[in-house]
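Breakdown of the fold
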Amino acid sequence: MSTLEENAVIGPYRIIRKLGQGGMGAVYEALHQTLGRHVAIKVLHPEVARNEEFAMRFANEARASNIVDHPDVVQITDHGQLPDGIPYIVMEYLKGESLGHRIEHLGGPMNPSEVAFLALQITDVLATAHTKGIIHRDVKLALVPSRNENGTDWGKRREKRKDDHAAMFGCQSVR
């Protein structure tokens, strides 16, 4: 059941539409029916949910987001399981497009001062995460909002180990 249909209901949330899909799961726009607030709901693919490592990584995503506690990190507001046991997390809904999508359709180079501003925002979030023992494992333009809105997806991060210097530079150690 990890593919949710329009108007499906998960607790207080009604699914509006699918926003996107990746290798680990899908993200949907939903509406909290009581509060009238739009949210994004990320649901694991069933085959991924059966993999203990990926399921644990997904479950830790909300915790890592709260540990980082940075204004430019998407806020996780809820989590749970669908009736078939597939886990989901609820996060704030961001309007607009990703930086990656914007660059694809820009038709030319970005303004250098805007690039510098975005780089400072991204490195500030990553530095904050690192000081709190969290390493994001999949930094890419598709996860960065193109405007000055909140929005780093922490699903591909993990807690830093003292001996894990390679991960700080985007590498994964082989064990």
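The structure reproduced in this document is the subject of the present report.

Cut-off values and rules
Chains are numbered independently. Their residues run from 1 in the order of the written sequence. Given that this is a predicted model, residues contribute local features only at a pLDDT of at least 70 and side-chain atom pairs are listed and counted only at 80 or more, while totals for whole chains, interfaces and linings are drawn from all residues. As a convention, hydrogens and water are excluded, and side-chain values are obtained from all of the structure's heavy atoms. Comment: elements are numbered from the N terminus, with helices defined as DSSP H or I runs of at least four residues and strands as E runs of at least two. Exposure categories follow from relative accessible area, calculated using a 1.4 Å probe and restricted to protein chains: below 20% of the type maximum is buried, above 50% is exposed, and the middle band is partly exposed. Residue contacts are defined here by distance: any two heavy atoms, one from each residue, within 4.5 Å place the two residues in contact. Surface exposure here means Shrake-Rupley accessible area, sampled with a 1.4 Å probe, where a residue is shielded only by the protein chains that are shown. Think of a nonpolar core as a cluster: buried Ala, Val, Leu, Ile, Met, Phe, Trp, Tyr and Cys residues, connected wherever their side-chain atoms sit within 4.5 Å. Whenever Lys or Arg places a side-chain nitrogen within 4 Å of a carboxyl oxygen from Asp or Glu, that contact is recorded as a salt bridge.

Time to look at the overall build of the protein chain. Scanning the protein chain for helices and strands turns up 5 helices and 8 strands. Secondary structure elements of the protein chain, listed N to C terminal, follow the sequence β-β-β-β-α-α-β-β-α-α-β-β-α. In the protein chain, buried positions account for 42% of the 175 residues. Intrachain contacts of the protein chain at a sequence separation of at least 6 include 50% that bridge at least 24 residues. Here the protein chain displays about 10100 Å² of accessible surface, and carbon together with sulfur accounts for 54% of that area.

Ile-15, Ile-41 and Val-43 are the most contacted members of the largest nonpolar core, which has 26 residues in total. Secondary structure elements with two or more residues in this core: β2 (13-21), β3 (25-32), β4 (37-44), α1 (46-49), α2 (52-68) and β6 (87-92). With 5 residues, the single largest contributor to this core is β4. Beyond its immediate sequence surroundings of up to four residues, Ile-15 is in contact with Leu-4, Glu-5, Glu-6, Asn-7, Ala-8, Ile-10, Tyr-28, Glu-29, Ala-30 and Ile-41. By size, the runner-up hydrophobic cluster in this structure holds 6 residues, among which are Ala-64, Val-125, Ala-129 and Ile-134.

In total, this model carries 4 salt bridges according to the counting rule given. Of the charged contacts in the structure, one is a salt bridge between Glu-53 and Arg-57, with a shortest N-O distance of 2.9 Å. Here the residue Glu-53 and the residue Arg-57 both occupy positions in helix α2, the gap between them amounting to 4 residues, near one helical turn. By relative accessible area, Arg-57 is classed as buried at 15%. A salt bridge links Glu-114 to Arg-102; the shortest N-O distance between them is 2.6 Å. Taken as a pair, Glu-114 in helix α4 (residues 112-131) and Arg-102 in helix α3 (residues 99-104) lie far apart in primary sequence, 12 residues in all. Glu-114 gets classed as partly exposed once you look at its relative accessible area, which sits at 24%.

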